[in-house]
Structures are given as C-alpha cells and as structure tokens.
Amino acid sequence: MLYTVTIFNDGEAVNIHDRYERIAGAQVSKERNAIDCLSFTIYPDNPGYDLLRRMKTTIQVRNGKTGRLDFDGRVVKAPSSMDASGTVFKSVQCEGVEAYLCDSTQPYLAERQWSGGSGRSGLQEFIDYVLARHNERVEPHKRIYRGRVDLVTYETTGGVYKGLQRESTRDTLAKKLVDVFGGEMRVRRNEEDGLLYLDYSQRLGTERDAPIEVARNMASVTMDEDPTQIITRLRPLGAKKEGSEDRITVAPANSGREYVDDEEAMAEYGIIEGTHTWDDVTQPANLLSAARSWLTANNRFPHSAAVSAYDLSLIDLAPDEFALLDWYRCRNPLVGLDESLEIIKQTININEPHASSIDLGDSTARQSSQATAALASKVAELEKLLGL
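Note that the structure is a prediction, hence the values are computed from the model and not measured. (Residues numbered from 1 in each chain as written. Predicted model: local features only at pLDDT ≥ 70, side-chain atom pairs only at ≥ 80, totals over all residues. Heavy atoms only, no water.)

Once that is clear, we can look at the packing of helix H1 (residues 122-135) against helix H2 (residues 169-181). Between H1 and H2, the least distance of the axes is 10 Å, while the angle of their chain directions is 165°. Here H1 is positioned roughly antiparallel relative to H2, judged by the angle of their axes. The element H1 and its partner H2 pack so that their crossing is right-handed. Residues Leu 123, Phe 126, Ile 127, Val 130 and His 134 of H1 lie in contact with H2, whose contacting residues are Thr 169, Thr 172, Leu 173, Lys 176 and Leu 177. The residue makeup of the contact of H1 with H2, split by class, is six nonpolar, three polar and one charged. (Axes fitted to C-alpha atoms, helices over the stretch in contact; angles between N-to-C directions. Helix = DSSP H or I, 4+ residues; strand = E, 2+ residues; numbered from the N terminus. Parallel < 35°, antiparallel > 145°, perpendicular 65-115°, else oblique. Left-handed = near helix turned anticlockwise from the far one by under 90°. Contact = heavy atoms within 4.5 Å. Nonpolar A, V, L, I, M, F, W, Y, C, P; charged D, E, K, R; others polar.)

Put into structure tokens, the structure is as follows:
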C-alpha cells in the first residue's frame, strides 16, 4: 500500500486507509498559494466511518514510499448518502492546515512602518505580529509560527509599510503580501517538533534531478504563444488619495516618472502600455517594488507548453517523484523547449497513483503538464521507448 490515511480525534489515531482498510475515490489537490484539499468516499465497514467530526477531526495522508506527508489538515464535512442500489456512504471533504489561518481575524491597526531589528527584517516583524494575533485567538493545534521568510520586498529600504483591516489572517497575508510582492507562501508541519510553520519566499521549491524530456518520460508536448499579455511600459496605480478619486503613483520614488519600463521586452516588442492597480499600497516605494516584480512575472514567459509526462519514480526508473513547487528541466529540441518549469498544481490519486497529474509552469504562462492517466497500462510502451 503506497499511501496511509489516518484520522485523529483528541490524540487518538485510526487508520482509514492502509494495507487492511480502504477508502474510495481519494484524491489530494494541491496548488501554489492555495489551500490543499482532500476528498474521498468512506463506507460503514470502515473503522473511521462514525469518527468523522466536522471541523474537529484532523487527517493526514502519508506517502509510504517517500515517508512524506502529502496532506495534512482537517475534515470539513462528511454528509451521509445512499445510492439507487441501497449502498450507504459518506462523501468527505477536507482542507489543509493553511485553512487554520481562516479561523482568526486580525485587529484594526493603522498603517505603519515595520523596519525590523534584532535579527529580523521588517517583513519578518510584520508576519510575526500577524501570526501572534492569530495564535492568541485559536486553539493550540491551530497555532502557526514563522518559518522560512526571506523574500526581498523592495530595493530602497529594508522595511514594509502595512496596516490591518479586521480581515481573516489568511486574507491579510494574501492581500498584504502575496498580492503585492508576489512570491510563494505555504503552511507546513515540521515533523521534528510537530508544529506548523509559515514559509514565504520568492521560490520555495528546489531544482530536481529528474528531467522531463523527449525519448525518456515526455509523452507529448504542444507549444503555443501568447504575446497579448506583454506590457512593456507599466503605469502602476496604488491606493486612492485622501478625498480624491486619483491614485498614488510611483513618480515620487521613480525620478518623477509615473511608469516602469521593461527595457528587454520593449526592445523586442516595442512600446505596449498597460496599468495594474494595488488598492492597499499607499507608499510610492512599495508601489514601485510591487510594479517591478509584477512586470517581470507578467512578461517572463510569453509562451506556453502543454506537456504529457510519465512519473518514472512510480516504477522505480527515476530518482525523483513529482512534487508541488519543485522545478524540473523540460527538454524537447524538436519544438524548441529547453527550460526549467515549476509544478504549480498537483493532483494525487491515492487509490491509483499512476492516475495522478501535474501542471507545470508560471501562473502567467499557462504552461501545463499532465502525468499520464494510465501509467499502469503504458508500462510496456514506456519500456519499449526506453529500450528496456
């Protein structure tokens, strides 16, 4: 059995999927900067059938091959049903531990400068404050602490200018940080101390050794181009000025210019103007930083690559399995593809791991990859392709 699924109630653990017990249709969905999801069907003969408590029962999915937690969260709902044949079952929906950040709200706090100090950056100080307010309002098992936070905010100062608006903690972090500065955020469990940590970085994943390439594990690839998204001269807009419909611009922090140029893109495509609005950014320096990051990300890949790939680790023919946020070199000289792409979405089929899927690429590029939906039936074909 590749996966073990365990539920916990007040510290008592019960396996509902392992060598002896089974759940049906179990699928984990993971996506960059999103809350993980798990869904499955459970029947009355399973020992966990009557133990699923809404919003209280916690649940973990462990990969028996890698030892990794592929899902860590709580049961949201488990309504009972009966089909036309008289079979009774529960359709269970679960959400990952990052959802705990939705259970608390932040107090109002006027905007102020967070400059850090004593070994902390201003960004780390702000995140510490937000997480402290979360932790004082929730139960111990929902508490989250600062983990790896190393995103560089902007060039002119080491601090951030932020306030709080009585929103949920997750909305606060998403709107105040990810939507402004970009980057990747996640909540993970440290299995050494059992605590939850929040990471925030420009790039959380690592470069993997297993490439995705033609004549190895790339089944098919389709290239496309979309230059319509390119903006070579961005006019960023911040929050509205007090008592006016006009908005803050980057001019005070950008030598009087209200625009930011992507000179490399401009040399290739000419002048293409566009705007983007950040409603909660009140400082021109912050707006300038956000605009530069956004423009770089927006213009990074004016093409897409739809790739079908085999996860060779499932049949022990590759050292690395596919993992969310990690990067893989994709090569196909026949179509001009040779670059590292990030897995930004992953679906794990617990009952049939060979039917799992991944999306590779940047969110602005729509680069996608589907792991084969029938690897078991394709093994003979794959071995022939590899000359085995």
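What follows deals with the environment of His 276. Note on placement: His 276 falls in strand E18 (residues 273-277). Separated by 40 residues in sequence, His 276 and Pro 236 place their C-alpha atoms 5.2 Å apart.

Here we come to a nonpolar patch on the surface. A cluster of nonpolar side chains, Val 214, Leu 334 and Val 335, forms an exposed patch at the surface whose accessible area comes to about 270 Å². Under the relative-accessibility criterion, Val 214 is labelled partly exposed at 35%. (Patch = residues over 30% accessible without salt bridge, like charges linked within 9 Å, V, L, I, M, F, W, Y side chains within 5 Å. Areas by Shrake-Rupley, 256 points an atom, 1.4 Å probe, with all protein chains shown as cover. Salt bridge = Lys/Arg side-chain N within 4 Å of Asp/Glu carboxyl O. Buried < 20%, exposed > 50% of the residue type's maximum accessible area, 1.4 Å probe, protein only.)

On to the packing of aromatic side chains, then. With the rule as written, the count across this model stands at six aromatic pairs. Arranged with centres 5.5 Å apart and planes meeting at 70°, the rings of Trp 114 and Phe 126 form a pair that is edge-to-face. With Trp 114 in strand E9 (residues 108-114) and Phe 126 in helix H1, this residue pair connects regions lying 12 residues apart in the sequence. According to the relative accessible area criterion, Trp 114 is buried, its value standing at 1%. Relative accessible area serves as the criterion here: at 0%, Phe 126 is assigned to the buried category. Joined through ring pairs, the aromatic side chains of Trp 114, Phe 126 and Tyr 129 make up one cluster. Here Lys 90 stacks its cationic end above the ring of Tyr 49, 4.5 Å away from the centre of that ring. (Phe/Tyr/Trp six-rings, centres within 6.5 Å; stacked < 30°, edge-to-face > 60°. Lys NZ or Arg CZ within 6 Å of the ring centre and 35° of its normal.)

What follows deals with the sheet that holds strand E16 (residues 233-237). The three strands lie next to each other as E17-E16-E18, forming an open sheet whose pairing is mixed. Each of the sheet's edge strands pairs with one partner strand only, and the pair in question is strand E17 (260-261) and E18. Relative to E17, E16 is paired through two bridges, and the arrangement is antiparallel. Each bridged residue has a counterpart across the sheet, and for Leu 234 the counterpart in E17 is Val 260. The sheet strands contacting helix H4 (residues 284-298) are E16, E17 and E18, and the helix crosses E16 at an angle near 140°. (Pairing = 2+ DSSP bridges.)

Attention now goes to the sheet that holds strand E13 (residues 196-201). Reading across from one edge, E10-E13-E12 is the order of the three strands in this open sheet, with mixed pairing throughout. Edge positions in the open sheet fall to strand E10 (144-149) and strand E12 (184-189), since each of these has one partner strand only. Between one strand axis and the next, the sheet turns through 25° on average, direction left out of account. Two strands pair when backbone bridges link them, and E12 and E13 are joined in this way by six bridges, in the antiparallel orientation. Bridging from a neighbouring strand, Val 187 pairs with Leu 198 of E13. Along the sheet face, H1 touches E10 and E13 and points at about 160° away from the line of E10. Running at roughly 30° to E13, H2 makes contact with E12 and E13 of the sheet.

Time to look at the pattern of salt bridges. Summed over all chains, the structure comprises 30 salt bridges. With a closest N to O distance of 2.9 Å, Arg 120 and Asp 128 form a salt bridge. For Arg 120, a relative accessible area of 33% puts it in the partly exposed group. Between Asp 246 and Lys 241 there is a salt bridge whose closest N-O contact spans 3.5 Å. Accessibility expressed as a relative area gives 44% for Asp 246, which makes it partly exposed. When salt bridges that share partners are traced, they join Arg 74, Glu 95, Asp 103, Glu 139 and Lys 142 into one network.

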